[in-house]
Amino acid sequence: MDGFLLGFCLTLAISFCLLHSKRKLVVRIKPELRDMQDSKSGTPTVGGIAFTFSITIVSLLLRLSPVWLLAMWLFAAIGFLDDMEKTHTRNGDGMKSVTKLLAQFLAAFLTVLMLGMNNLIETNFSYSAFAAFFLVYMVNAVNISDGMDGLATLMALPALCMVAVIDRNPFLLAFIGSLLGFLILNMKPAKYFMGDTGSHAIGAVLALAALVQHREGPVLVATIPFLVEFLSSFVQIVAIRLFGRKVFAIAPLHHDLQKHGLGERATVAVFSLASLSATLAAVWMMGRGGFA
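Described below are features of the structure shown in this document. (Residues numbered from 1 in each chain as written. Predicted model: local features only at pLDDT ≥ 70, side-chain atom pairs only at ≥ 80, totals over all residues. Heavy atoms only, no water.)

**Observations regarding the environment of glycine 79**
Quick note on the threshold: Counting from the N terminus, the helices are DSSP H or I runs at least four residues long and the strands are E runs at least two residues long.
Relative to the assigned elements, glycine 79 resides in helix H4 (residues 66–86). For the pair glycine 79 and phenylalanine 125, spaced 46 residues apart in sequence, the C-alpha to C-alpha distance is 27 Å.

**So, the packing of helix H3 (residues 47–62) against helix H9 (residues 195–212)**
Threshold: Note on geometry: axes are lines fitted to C-alpha atoms, helical ones only across the stretch in contact, with angles between N-to-C directions running from 0 to 180 degrees. Should an angle fall under 35 degrees it is called roughly parallel, over 145 degrees roughly antiparallel, and 65 to 115 degrees roughly perpendicular, with every other angle called oblique. In this analysis, two residues are considered to be in contact whenever any of their non-hydrogen atoms come within 4.5 Å of each other. Asp, Glu, Lys and Arg are counted as charged, while Ala, Val, Leu, Ile, Met, Phe, Trp, Tyr, Cys and Pro are counted as nonpolar; the rest, among them Gly, fall into the polar class.
Relative orientation of the contacting elements H3 and H9 amounts to 45°, with a least axis distance of 6 Å. In terms of axis orientation, H3 runs oblique to H9. Packed against H3, whose contacting residues are Gly48, Ile49, Phe51 and Thr52, the element H9 presents Thr197, Gly198, Ala201 and Ile202 at the interface. Here the residues of the contact of H3 with H9 sort into four nonpolar, four polar and no charged.

**So, helix H8 (residues 170–186)**
The test is simple: Multiplying one less than the number of residues by 1.5 Å gives the expected span of a helix. With a 1.4 Å probe rolled over the protein chains alone, any residue whose accessible area is under 20% of its type maximum counts as buried; one over 50% counts as exposed, and the rest are partly exposed.
Across its 17 residues, H8 extends 24 Å between first and last C-alpha, which sits within 8% of the 24 Å expected from 1.5 Å per residue. Across the 17 residues of H8, 13 count as buried, placing the element largely inside the fold.

**Re the nonpolar core**
Heads up, the rule is: Nonpolar cores are built from buried Ala, Val, Leu, Ile, Met, Phe, Trp, Tyr and Cys residues. Side-chain atoms within 4.5 Å join them into one set.
With 78 residues, the main nonpolar core has Leu160, Phe171, Phe175, Ile202 and Leu206 as its most contacted residues. Contact partners of leucine 206, with chain neighbours within four places excluded, come to Met138, Val142, Ala156, Ala159, Leu160, Val219, Thr223 and Phe226.

**A look at unusual backbone geometry**
Residue lysine 188 is joined to proline 189 through a cis peptide bond whose omega torsion reads -5°. Structurally, proline 189 is set in the loop between H8 and H9. The omega angle of the peptide bond from alanine 251 to proline 252 is 5°, so this bond is cis rather than trans. Within the chain, arginine 63 stands out as a residue other than glycine whose phi angle is a positive 55°. Its location among the elements puts arginine 63 in the loop between H3 and H4.

**With respect to helix H11 (residues 224–243)**
In this model, H11 (20 residues) spans 27 Å end to end at C-alpha, consistent with the 28 Å of a helix rising 1.5 Å per residue. Within the span of H11, buried status applies to Pro225, Phe226, Glu229, Ser232, Ser233, Gln236 and Ala239. Looking at the packing, one finds that the buried side of H11 touches helix H6 (125–145), helix H7 (151–167), H9, helix H10 (216–222), helix H12 (253–259) and helix H13 (264–287). Of the residues trailing H11, glycine 244 is marked for its positive phi of about 65°.

Dropping the structure here:
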């Protein structure tokens, strides 16, 4: 509980400093989203920096396992580079997709190697390959879902709480505290965004929670709404490139719902409730012995 409160307070303190800094990292709104999000133009993208530094300080102060921290930063660093790249473009684009994906897989393989060396996961080839792909998938699923005030955080919290409470993981408890501190300033109207730095960190920690705590099945069920978001973007890309037409007015799904008239608060509520329901289903399945 000390880590939870410390993470919460540190995130708010770091956020205050970043928001009052003379130099702020600001990412431009993508052209296809300006009709829905133009009012958010100029909002600083420093929230992810705030909670990643917060959990770093907590981990060092409480001498928590460095493995979680190092793995989180391998991906958060990629997100930060992507955020920095976006500040130099007029259309809000960051790193090239191929470059970003290669960097994510490199981070995933380094993470799997580190986890294996510390006897935290199985080291056979098939499971190691699954773990690497799972890390990359979860990071991108959270990244794709980060498009509205509070959305990605509210979607991730139920699954994180499930694993943190069941396994009494001190890093996860501190991470949840840090996210709640961030959420206070990220709820609509957001004072700042998390950026790719934050979404990469959350995705990495979610995947680590599944792999290290051997909760892959429950976490996959609890994060089904992230899968829906991921698939909506994947289907859209495939449809455009192979058939030259769109399936959705705009992808991912949360933006498509907004485009069709569902308000931002209502959309966030729908996905938040879906994530909570999916997590409760995962807990029920565990209680019934649904996972090996």
